Amino acid sequence: MKLPNLANARKRTKNPVEVITDNYKLTNDMKKLGLNRAYYIKTYGCQMNEHDTEKIKAILEDMNFYEVDKMEEADLILLNTCAIRENAHNKVFGMIGRIKHLKESKPHLIAGICGCMAQEEVVVDEILTKYKWLDIVFGTHNIHNLPNILATSLAKKELEIEVLSVEGDVYENIPVKRDNLYKAWINVMYGCDKFCTYCIVPYTRGKQRSRQPEFIVEEVQTLVNEGYQEITLLGQNVNAYGKDLDIDYRMENLLEDVAKTGINRIRFVTSHPWDFTDKMIEVIKNNDNIMPYIHLPIQSGSNKILKLMGRRYTKESYFELYNKIKDAIPNVSITTDIIVGFPGETEEDFNETLDIVNKCQFDSAFTFIFSKRVGTPAAKMTDNVSLETKNKRLQELNKLVNKYSNLANQKYLNKTVPVLLEGFSEKNKKTLFGYTDTMKLVNVEADESNIGKIVDVKITEVKTWSLDGKICE
Ligand code: 5AD
Ligand code: SF4
C-alpha cells in the first residue's frame, strides 16, 4: 500500500528524470489474470486522460482481458478520473455508488479508480473510510505497474492502493491501444511546473518532464507508416517543451522535426501564453501540415486576477501575442479557457474579461466557474463571490462567447475547406463527421468510402457548434 502525500506532490527538485525503456514485463501468471474476464473503463477529463486510458487498455489486453462497452457486463470496472473541478469529482463518486450496487450482486467484480483523483490525499482518505470495498486504486505515476497492483489485490482479496507522490519519470515502453484509426495522441511532456494558483495538475501529474525528441519523432513515423492522418502532441503546457532537457531543443524544433515526418496534420495542446515564442509562430506559419488552430487559455481579462492566478502575463501582453498569431498565420482559429468567480473577482474584473472576449473574438471558449481544489494556493484565498453571482457571470460570458463562435463559423459559409472524415455522425447515420484544419466540426454528405480521408468540403450551412457541408467531387 502506497498512499498519496500532498507535501511530497508539491516538491520540485533538480533530480534528473529517469527515462525507463525496459520496465514493462508480464509474467505468465499476469497474462492469465484476464482470461475470460471482461473490462470496462470510463474516462473523465482531458486528452491526457484519454491517452492514459489507451495505455491502460493495452496493458489489460496484454493480460488477456477483453473490452466491453457496458459496465454491467464487466468483471473489471475502472474509472480513470479527473480532479480539475469539483463536478468531475462528484460524478466519479456518483459512479462509485452505482458500482457498489453491481458488486453486491456480482461479488467477483473487481472495481478500481485511477488517474488524477487517485493522486489526491483527500480522495484516498475518503476511499479508506467509506469505500474500502474497492479493489484497486492507482495513480498517474503507476500505470506501468497495473499488472502487479491487480495481482496483489486479487491475491490478498483486499483493497490495494498504489499512488506515488513523486516528481515522476518518463516511461517509454508502455503499450497503447489507440481508439482511433486516423488520429492519434502523442505525449510530448508530462507534468507541469507552472503552479497556477487554482490548478491541481502540478500536484497530480508531477514535475515537468519532456520526452526525448527521438522517441517522439519515432512514434510519429510509426503512425505515418500505419496510415494515420493526424497527430496531437499532448502536454499540460506544450510550449515549455524541452526546457527541462539538457539539450538546446524546444517546441519549435520539435514541431519542425515532426512536420518533416510528412504526417498530414499536426496539432498540439495546451499552450500557455508565457512560453509561446516568435520562432514557434514562424514554424507553424511555414509548415502546411501544422494546423492553423491554437488553444491559448487566457483564464481572465483582469490583470489583478491574472496576478492572483499566477499566470505570468497581463491582458495587454496576451492581446499582443494573440494579434501576432492572427497576423502571422492566415485563417488561424484561436480558442481559449476562461474561469469566472475566482476569489476576489469584482464586477469590474469580470467586465474586463468580457472586454477581452469582445476584443479577441475567440473562435470558441471553454468557460468554467472557479472550483476550490484542496492543497492549491487559491483554495486558501477568501472566496467572496456568491454562487448566484458566479452562475450569472458564467451565463453572461457564455452568451458572448457563443455570439463570437457563431460569427467565426459564419465566415465558412460557401467556402471549401479540408475535412478529415472520421466516421458516421451520431445524430444522422446517413452523414459523416469530421474536423477542418481549424478544428471546426463538420457534418458532411459523403459516401462511407471517404472515412479516414482528408477531403474538400463545401460549407452549405452554419450553426453555432458545427457546420454542414457537401463533399466536392
Ligand atoms: N476551477 C475552475 N477551472 C479550472 N481549470 C483548472 N483548474 C480549475 C479550477 N480549480 C480550468 C482552466 C484550465 C482548464 C483545463 O480547466 O481554465 O485551462
Ligand atoms: Fe494547471 Fe497552469 Fe499547469 Fe495549465 S499551466 S496545467 S492551468 S498549473
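Just so it is clear, the model here is predicted, and its values are computed rather than measured. (Residues numbered from 1 in each chain as written. Chains lettered and ligands numbered in written order. Predicted model: local features only at pLDDT ≥ 70, side-chain atom pairs only at ≥ 80, totals over all residues. Heavy atoms only, no water.)

(A) Summary view of the domain arrangement of the protein chain. Here the protein chain is partitioned into domain 1 (6-162), domain 2 (180-291), domain 3 (294-410) and domain 4 (416-471). Taking only C-alpha atoms into account, the centre of domain 3 sits 30 Å from that of domain 4. Contact with domain 3, which involves 9 residues of that partner, is made by 9 residues of domain 4. Carbon and sulfur atoms supply 45% of the area that domain 3 and domain 4 bury against each other, a total of about 730 Å² over both sides. Connecting domain 3 to domain 4 are 1 salt bridge. One salt bridge in this structure joins Lys-440 and Asp-363, with 2.7 Å as the shortest N-O distance. Here domain 3 is connected to domain 4 by 6 residue pairs in polar contact (both at pLDDT 80 or more). (Domains from an automatic or database assignment. Contact = heavy atoms within 4.5 Å. Buried area = accessible area lost by both parts, 1.4 Å probe. Salt bridge = Lys/Arg side-chain N within 4 Å of Asp/Glu carboxyl O. Polar contact = N/O pair within 3.5 Å; in protein donor to acceptor, adjacent residues only side chain to side chain.)

(B) Quick look at empty space enclosed by the protein. Overall, the coordinates contain 1 cavity of 30 Å³ or more when judged by the stated rule. Space inside the largest cavity adds up to approximately 30 Å³. Lining the largest cavity we find Asp-52, Ile-56, Asn-80, Cys-114, Gly-115, Phe-138, Gly-139, Thr-140 and Ile-143. For the lining of the largest cavity, the secondary structure elements donating two or more residues are helix 3 (47-62) and strand 5 (110-115). Classifying every residue of the lining of the largest cavity gives 4 nonpolar, 4 polar and 1 charged. (1 Å grid on protein atoms, 1.4 Å probe; cavity = no way out; pocket = protein on both sides within 12 Å on 5 of 7 lines; lining within 4 Å. Points joined across faces, edges and corners; volume = space filled by probe spheres on them. Helix = DSSP H or I, 4+ residues; strand = E, 2+ residues; numbered from the N terminus. Nonpolar A, V, L, I, M, F, W, Y, C, P; charged D, E, K, R; others polar.)

(C) Summary view of the pattern of salt bridges. This model, assessed by the stated rule, comprises 33 salt bridges. The salt bridge partner of Arg-205 is Asp-52, with a shortest N-O separation of 2.9 Å. With a gap of 153 residues between them, Arg-205 in the loop between helix 7 (201-204) and strand 11 (209-210) and Asp-52 in helix 3 connect regions that are remote in the sequence. Salt-bridge contacts for Lys-183 lead to Glu-422; the nearest nitrogen and oxygen are separated by 2.9 Å. One end of the pair, Lys-183, is in strand 9 (residues 183-187); the other, Glu-422, is in strand 17 (residues 416-424), with 239 residues separating them in the sequence. Here the salt bridges share partners, and the residues they tie into one network are Lys-57, Glu-61, Glu-67, Lys-177 and Asp-179.

(D) Looking closely at the pairing of strand 2 (residues 38-43). For strand 2 and strand 3 (residues 66-67), the ladder comprises 2 bridges, and the chain directions are parallel. Each bridged residue has a counterpart across the sheet, and for Tyr-39 the counterpart in strand 3 is Glu-67. Chirality of the crossover, the property in question, places the unit of strand 2, helix 3 and strand 3 among those that are right-handed. Across 5 bridges, the pairing between strand 2 and strand 4 (residues 76-81) is parallel. Note that in strand 4 the partner of Thr-43 across the bridge is Asn-80. (Pairing = 2+ DSSP bridges. Right-handed = clockwise from strand over helix to strand, strands pointing away.)

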